[in-house]
Structure formats: C-alpha cells, structure tokens
Amino acid sequence: MVEVPEIASNTAMPALHELHCTGCGTVAACGSLSGDLRCIGCGDLYAVRYPQPSAGTANGDNAWLLRDRWKKRRLSSAAIDQSGVWRFRDLLPIVSDPANIITLREGNTPLYHLKRNARQLGHDQLFAKHQGMNPTGSFKDTGMTAALSVAHEEGFRWVACASTGNTSAAMAAYAARAGMRSLVLIPEGKIAWGKLSQAMDYGARTFQLRTDFDGCVRVLAEVVRRAPIFLLNSVNPYRLEGQKTPAFEIAEAMQWDVPDHLIVPGGNLANVSALGKGFEELLAWGLTTRMPQLSVIQAEGANPLYRLMQRGEDRLQPVTAKTRASAIQIGNPASWRKALRILRLTDGFCEQVSEAEIALAKAEIGLEGIGCEPASAVTLAGFKKLQAAGKIAPDASVVLFLTGHTLKDSEYTIEYHRGELLAPAEIGSYSRPIAATRRDSVPLDANADAILRAIDADDTQTEQRT
Ligand code: F0G
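Numbers given for residues are sequential positions, taken from 1 along each chain in its written order. This being a predicted model, a pLDDT of at least 70 is required before a residue's local features are given, and a value of 80 or more before pairs of side-chain atoms are given or counted; all residues contribute to the totals for chains, interfaces and linings. Side-chain numbers here rest on the full set of heavy atoms in the structure, without hydrogens or water.

Asks: For this particular structure, what's the right way to read the confidence of the model for the protein chain?
Replies: Where the model shows low pLDDT, its predicted coordinates should not be examined in detail. Averaged over the protein chain, the pLDDT score is 94; the fraction of residues at 70 or greater is 97%. Every residue gets a pLDDT, meaning the predictor's confidence in that residue, from 0 to 100. Helix and strand definitions here come from DSSP, where helices need a minimum of 4 consecutive H or I residues and strands a minimum of 2 consecutive E residues; each element is numbered from the N-terminal end. By mean pLDDT, the top-scoring element of the protein chain is strand β13 (residues 398-402) (99), and the lowest-scoring one is helix α18 (residues 448-465) (80).

Given below as structure tokens:
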C-alpha cells in the first residue's frame, strides 16, 4: 500500500521520482540526463515514475483523502494551492522544495458544454476542456510550470525550446517569473504573430531560423549538447507531468468519472501521452474506475501518425508538414511512440482533417462564444468525421481538448471572415456552411439610420434561413 503524505504549501515535498527510458527501460537518476534528454543507450524518451499502487488496488481511504484534499486547496490563498497543477502535487513528486515552484496560477480551466454544436450534430454530451484559458493562452502553461520549476531547483540559468509558438510563449513567461534567461528557436514566417509577440514581451532571446519546426529541433539538440541549457521541449519528461493534470480536472468536474472519449490535437504528440498518463494514474489510485478512449486528430498536411496507423506500421515516416494550423505543422513528431501506446491501450483513433474542415470547425467553436486557435479546432472537425463514420456512440460523453486561445492567431480568424483564407479548391463542398458562419466587419457611415437598416436586413435574412 502506498501512503499519501500530506504536503502543505510551506513544507518540504518528498521528491520521490525516478526517470525511466520508455524504449529500453533504463532507469536514470534525476539530474543525470544528457542535454537532449534522450536515453544515452537507445535514444528514446524518458518518463517520470514514482511509487504508486498497481492498477485499481489503492484503498478507498486514499482516494477519498486525495479528492477531499484537492478540493480544499481551492479555498486556500497560497499560490501553489491556487495553481490547477500544483493543487495535485501529491501525484507530482518532482520538486523537493515548494519555494522553487514557479507558478502563474495555471490550470483550473473550464469544461464547457458545447450546446450549439451538440444541438447541430445531434450529440448532446459534447464538451470542451478549454486550455486556452491558461495564463499565456495555451495548454503549455501546465507543463511549463512543472518543468521550469525543476530547472529552477536544479540551478539552471538558461532554458530553451524550439517551438511553433505556444511553447515559446509559455517558456518565456515562466522563465521571466523565475528570473531565468530563455532561448527561443522558431521557424521564420511560420508562427502566429500573437505567439511571437508574447516571447518578445516576456524577454526571451528569440531567433527565427530559416527552416521549419523540425529543423529548429535539430539545431537546438546540438545547442543543448554543447551548453548547460535546460531543454524545455515536450521531450522533457517533467513537462508531461504538468500536462497530465487536466486529466485530473476533467475527472473531478465529472464527479470522478471519466468521459467516454477525449479528442486531442496531434503535433509533436506529447500531449495525448501526458493526458493518457494522467488517466492511468487516476485509475491506479482508485480515483476512477475506467479509462476514456483517447483519439488524436492531425491536419491532412501534417499527418505522420495518421499515415502510420492507416498502414498498420510500427515505425513513423516523417513528412514535410504544411498546414495553416501552424501550431501543429510538424512532420517528425518526437513523442509518436508514447502517443501510439496510449491510442492502442484505449482503442482510440487517429483521424485527419482538411484545411476547410479545420476553418469551419474553428468558426463553429467561435459561435459558441468560446473560440480557439486553428490547431485546437481539429478536435471538432475530427469529432464530426468519427461520428459520421459511426465510431462514436450517440450517447457517448465526448470532451474536445481545446489547446489554445482564439487571440493567439487573430490573422487567421480575420482572413476566414473576410473570405480570404481558403482557396475555392480547398472549400469544395463546404461552401454553404462556411458562408453561414462568416461574419465580416462592414465599413459604414457614422449614422444610426444606416446601422438600423443593416441589422434589420440581418434579422430578415436569419428568419429566412430558419
Ligand atoms: N495545439 C496547440 C495550440 C499547440 O501549440 C500544439 C503544440 C499542439 C496542439 C500539439 O500538441 O505537440 O503535444 O501534440 N505546440 C508546440 C509548440 C509544438 O511549440 O508550441 P503536441
């Protein structure tokens, strides 16, 4: 039996974890990894492991104790209790001294019912876990608070990442809070301005390289081998410890049940494995009684996992990635093995969606009054395809994992509503639903009559449509 020690916000936290290689099983001591964080023996990625009960064997007392403790922490005014990541620190034994934790009060994000889409698609139990509601506007904050706190505790001065934008924004913010320096490598001209502006504003040293994301990853691997810089890409196992906590929040919001299905966008493919790890741990602690099905959706132009699964292969073939959902424009995802394990474990699917399907789904999430960035919208587009193929039962509870805020990529949104985003050949059979969701802004004389005439015409059009 594994006891759950009480960890107050001001007492030492037992750092009980070890790192094990997911490829060859080698165990590494904390703080002993090479700069690129890959196993020296087989080159695969590490995962954090800590003492926990084997599946379903924790006693009911432990489960009750943890649920109660996590709920009570929400009422505390201590920063680490207010964080939706560190509130669950009993299952995050990765730092020894809570004073080293760098938090911006991330997590505790909303789970919304997607009423409009549910009605339209005839699928009532459709929800969105909105990670865009984090401090820097993306799910990366939950991972960054975890990994950057470890870097801080280990005494690093510099942290670095290659990024399609969101990781760099989150890393720069948390590094600034910690008084650390941050190095950002991004593919020139291939990330959204909102994200680049964040990295600049939070004081990162930012380099735009004449390559793609995969090229930035290659260059950074050499930089961190040659200099004492802590790598904060999602190959960093501590990132995934933070990114597993939305699984805890989803279960908590569902009265310690899990949804039947969780749908996640796929880029570098770390996030789906982090969430899978979270659900596996809940099960092991007896906090829940089953696993959800986890599925990944990729853009058609950046679909290496989709291809692998279609062909029933066991090795990923990198692709040259091209999609307007720039956050997931990744052709050689580092965490594909971890992702594949979770999809196979939970009987999940990997689906691909077109540029028009992504843009339409993004507009439909916007009309919920929620919005998200393009990469997040692949979840709704993918859900529709899985539903149409009969792969999701009509009464299944489904959670879409929305990874980024709509303001991250406002250029994309404005181009869509102006009708300038998609070429006619891309729109294909989607021209009617796209036209119905477009809301361009109209220049008008500063005159009340003109405005009233215009909204009157709007009302008439809506009546004719319904
Ligand atoms: N959605 C958004 C908004 C992202 O920024 C990313 C990844 C993903 C989905 C995919 O998550 O890589 O774990 O499969 N963005 C990284 C970055 C690569 O640099 O910001 P994944």
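There is more to say after this.
Asks: How do you make sense of the site of the ligand when you look at a structure like this?
Replies: Any residue with a heavy atom positioned within 4 Å of a molecule or strand is treated as near that molecule or strand. Taken together, 20 residues form the shell around the ligand, and within it S163, T167, N268, L269 and T403 come nearest. Whenever two N or O atoms come within 3.5 Å, that pair is a polar contact, provided that in protein one can donate a hydrogen and the other can accept it, and provided that, for residues adjacent in sequence, both atoms are side-chain atoms. A distance of 2.9 Å separates an oxygen atom of the ligand from a polar atom in the backbone of N271. The side chain of T403 places a nitrogen or oxygen atom 2.7 Å from a nitrogen atom of the ligand. Burial of the ligand by the protein amounts to 98% of the accessible area it has alone, namely 470 Å². Taken together, the residues of the shell around the ligand break down into 8 nonpolar, 10 polar and 2 charged. The Shrake-Rupley method, run with a 1.4 Å probe, gives the accessible areas here. Residue values count only the displayed protein chains as cover. As a working rule, the residues Ala, Val, Leu, Ile, Met, Phe, Trp, Tyr, Cys and Pro are called nonpolar, Asp, Glu, Lys and Arg charged, and the rest polar, with Gly in that last group.

Asks: Is there a simple way to explain the nonpolar core in this structure?
Replies: Within soluble globular proteins, side chains that are nonpolar tend to cluster in buried spots. The definition of a nonpolar core used throughout is a set of buried Ala, Val, Leu, Ile, Met, Phe, Trp, Tyr and Cys residues joined through side-chain atoms within 4.5 Å. Residue burial is assigned from relative accessible area. The probe radius is 1.4 Å, only protein chains are included, and a residue is buried under 20% of its type maximum, exposed over 50%, and partly exposed in between. Counting 41 residues, the largest nonpolar core has W86, L148, V159, L232 and Y238 as the members making the most contacts within it. Broken down by element, this core gets its largest block of residues, 7 residues, from helix α5 (residues 166-178). Should any heavy atoms of two residues lie within 4.5 Å, those residues are considered in contact. Each residue touching Y238, except ones within four places of it in the same chain, is listed here: H17, L19, C30, V48, I94, G143, A146, A147, V150 and F230. Residues A63, M254, L340 and L343 belong to the second largest nonpolar core, which totals 39 residues.

Asks: Explain the side chain of H130 to me, please; I cannot follow it from the model alone.
Replies: Here H130 shows up in strand β5 (residues 126-130). Within polar-contact distance, the side chain of H130 engages the backbone nitrogen of G132 at 3.0 Å.

Asks: Whenever I open this one, helix α1 (residues 60-73) confuses me. Can you help?
Replies: Because the α-helix completes a turn every 3.6 residues, residues three or four places apart line up on one side. Helix span, expected: 1.5 Å multiplied by one less than the number of residues in the helix. An ideal rise of 1.5 Å per residue puts 20 Å on 14 residues; α1 measures up with 20 Å between its terminal C-alpha atoms. Restricting attention to buried positions, one finds in α1 the residues N62, A63, L66, R69, W70 and R73. Within α1, the buried residues cover an arc of 135° as seen down the axis, which keeps them to one side. Exposed positions of α1 whose direction lies more than 90 degrees from the buried face are G60, D61, W64, K71 and K72. Elements that come into contact with the buried residues of α1 comprise α2 (79-82) and α9 (245-253). By definition, the arc is the one covered by directions from the helix axis to the C-beta atoms.

Asks: Explain the sheet that holds β5 here, please?
Replies: Whether parallel or antiparallel, the strands of a sheet pair through hydrogen bonds between backbone atoms. Here, any two strands with at least 2 DSSP bridges between them count as paired. Strand order across the open sheet formed by 6 strands is β4-β5-β13-β10-β11-β12, with mixed pairing between neighbours. Of all the strands in the sheet, the pair left with one neighbour each is β4 (111-113) and β12 (350-353). When strand polarity is set aside, the average angle formed by the axes of neighbouring strands in this sheet is 25°. Bridge count for β5 against β13 is 5 bridges, and the pairing is parallel. Paired with K129 across the strands is F401, a residue of β13. In the packing of helix α14 (residues 374-388) onto the sheet, the strands contacted are β5, β10 (261-265), β11 (293-299), β12 and β13, and the crossing angle to β10 comes to about 135°. Lines are fitted to the C-alpha atoms to define the axes, a helix being fitted only along its stretch in contact, and any angle between axes, read from their N-to-C directions, falls within 0 to 180 degrees.

Asks: So what exactly am I meant to see when it comes to the packing of α5 against helix α6 (residues 193-201) here?
Replies: In a packed pair of helices, the relevant descriptors are the angle between the two axes and the axis-to-axis distance. Axis separation between α5 and α6 bottoms out at 8 Å; the angle between their running directions is 20°. Taken together, α5 and α6 sit at an angle that is classed as roughly parallel. In this structure, α5 crosses over α6, and the sense of that crossing is left-handed. Between α5 and α6, the residues in contact are N166, S168, A169 and A172 and K195, Q198 and A199, respectively. Here the contact of α5 with α6 is composed, by residue class, of 3 nonpolar, 3 polar and 1 charged. For classification purposes, an angle smaller than 35 degrees is called roughly parallel, one larger than 145 roughly antiparallel, one from 65 to 115 roughly perpendicular, and anything else oblique. The hand of a helix crossing depends on one turn: near helix anticlockwise from the far one by less than a right angle means left-handed, and clockwise means right-handed.

Asks: What is the right way to read a nonpolar patch on the surface from this model?
Replies: Where nonpolar side chains cluster on the molecular surface, the patch consists of V442, L444, I451, L452 and I455 and spans about 490 Å² of accessible area. When you line up the elements, V442 lands in the loop between α17 (431-437) and α18. Patch construction takes residues with relative accessible area above 30% that form no salt bridge. Like charges are linked within 9 Å, and nonpolar side chains (Val, Leu, Ile, Met, Phe, Trp, Tyr) are linked within 5 Å. Salt bridge, as used here, is a side-chain nitrogen of Lys or Arg placed within 4 Å of a carboxyl oxygen of Asp or Glu.

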